[in-house]
Amino acid sequence: MAGLENILNKIIEDAKTKADEIIKEAEEKQHIIVEKREDDAKFLADKINEISIKEREDLLKRAKSSAELKARDDILSEKHKVIDEVLEKAIGELENLSEEDFVKFVKNNVQGVEDKNSILDVPSKYRDAVKKADLGFKVSDTDVERGFVLHNGNLIYNGDFRSLVKSEREELEKFLAEKLFS
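Residues numbered from 1 in each chain as written. Predicted model: local features only at pLDDT ≥ 70, side-chain atom pairs only at ≥ 80, totals over all residues. Heavy atoms only, no water.

The name given to the protein in an unreviewed UniProt entry is V-type ATP synthase subunit E, with the source organism recorded as Peptoniphilus hominis.

In structure tokens:
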């Protein structure tokens, strides 16, 4: 039975050796798998970090751009308000022209109208000065609020100060922007 025992001990030793080899091989594979998983995890963590940095930079750029646009819009809005105020003051000044300046204004704006049957409407405060200037048109007793209106047959020339400023607004805004904000 000693032979049987020796055979059993040999089988047990071989099995232990084989088990130790399998365990060692499994531990090595485990170590390689764990190492690979750690490398994968590091790679993913780096990628996620890279993406988050890029996202943060994009968010910061968008926020900055948005703030710059808002600031620009605010500045443009304030400039537009200033231009509106200047145009309103200009209309106010035009409405209070001296008689001499008003006559010059009308004369400059009706130049080229040759029909002596035309009728001119002006504010009552300038009517006598315009009649004295004898511009070659009949001056009616119809009162206009500001500026003048010239009736020339079927044509009507509107010399209302507010209308003139409105029709020339684009050019006036460019002129004022250059003068005020350059």
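## So, the packing of helix H2 (residues 99-110) against helix H3 (residues 124-133)
Filter applied, for reference: For helices, the fitted axis covers only the stretch in contact; all axes are lines through C-alpha atoms, and the angles between them, taken along N-to-C directions, range from 0 to 180 degrees. Numbering of helices and strands runs from the N terminus, with a helix taken as a DSSP run of H or I at least four residues long and a strand as a DSSP run of E at least two residues long. Here a crossing is taken to be left-handed if its near helix is turned anticlockwise relative to the far helix by less than a right angle, and right-handed if that turn runs clockwise. By the convention used here, residues are in contact when the closest approach between their heavy atoms is within 4.5 Å. Three classes are used, and their members are as follows: Ala, Val, Leu, Ile, Met, Phe, Trp, Tyr, Cys and Pro are nonpolar, Asp, Glu, Lys and Arg are charged, and the others, Gly among them, are polar.
Axis separation between H2 and H3 bottoms out at 9 Å; the angle between their running directions is 60°. With respect to the hand of their crossing, H2 and H3 are arranged in right-handed fashion. Taken together, the residues of H3 that come into contact with H2 (itself represented by Glu99, Phe102 and Val103) are Lys125, Tyr126, Ala129, Val130 and Ala133. Here the residues of the contact of H2 with H3 are counted per class, giving six nonpolar, no polar and two charged.

## Points about the nonpolar core
Basically, it comes down to this: Among buried residues, the Ala, Val, Leu, Ile, Met, Phe, Trp, Tyr and Cys ones that are joined through side-chain atoms within 4.5 Å form a nonpolar core. For every residue, the accessible area obtained with a 1.4 Å probe (protein chains only) is divided by the maximum for its type, and the residue is called buried under 20%, exposed over 50%, and partly exposed between those limits.
Ranked by size, the top nonpolar core spans 17 residues in total, and within it Val106, Leu120, Val130 and Phe148 carry the most contacts. Listing elements by their share of this core, those giving two or more residues are H2, strand E1 (119-122) and H3. The dominant element in this core, judged by the number of residues it contributes, is H2, at five residues. In terms of nonpolar packing, the next biggest core, distinct from the first, is built from five residues, Ile83, Leu87, Ile91 and Leu176 among them.

## Considering H2
Stated precisely, the cut-off is as follows: By this rule, a helix spans an expected 1.5 Å times one less than how many residues it contains. Our arc is simply the arc of the directions from the helix axis toward the C-beta atoms.
With twelve residues, H2 extends 17 Å from end C-alpha to end C-alpha; this agrees with the ideal 16 Å at 1.5 Å per step. Turning to H2, its buried residues number three or more, namely Phe102, Val103, Phe105, Val106 and Val110. Along the axis of H2, the buried residues cluster in a sector spanning 160°; they form a single face. Counted as exposed and oriented over 90 degrees from the buried face of H2: Glu100, Lys107 and Asn108. Taken together, the buried residues of H2 touch E1, H3, strand E3 (149-152) and helix H4 (161-167). In the stretch just after H2, Gly112 is the one whose phi turns positive, near 100°.

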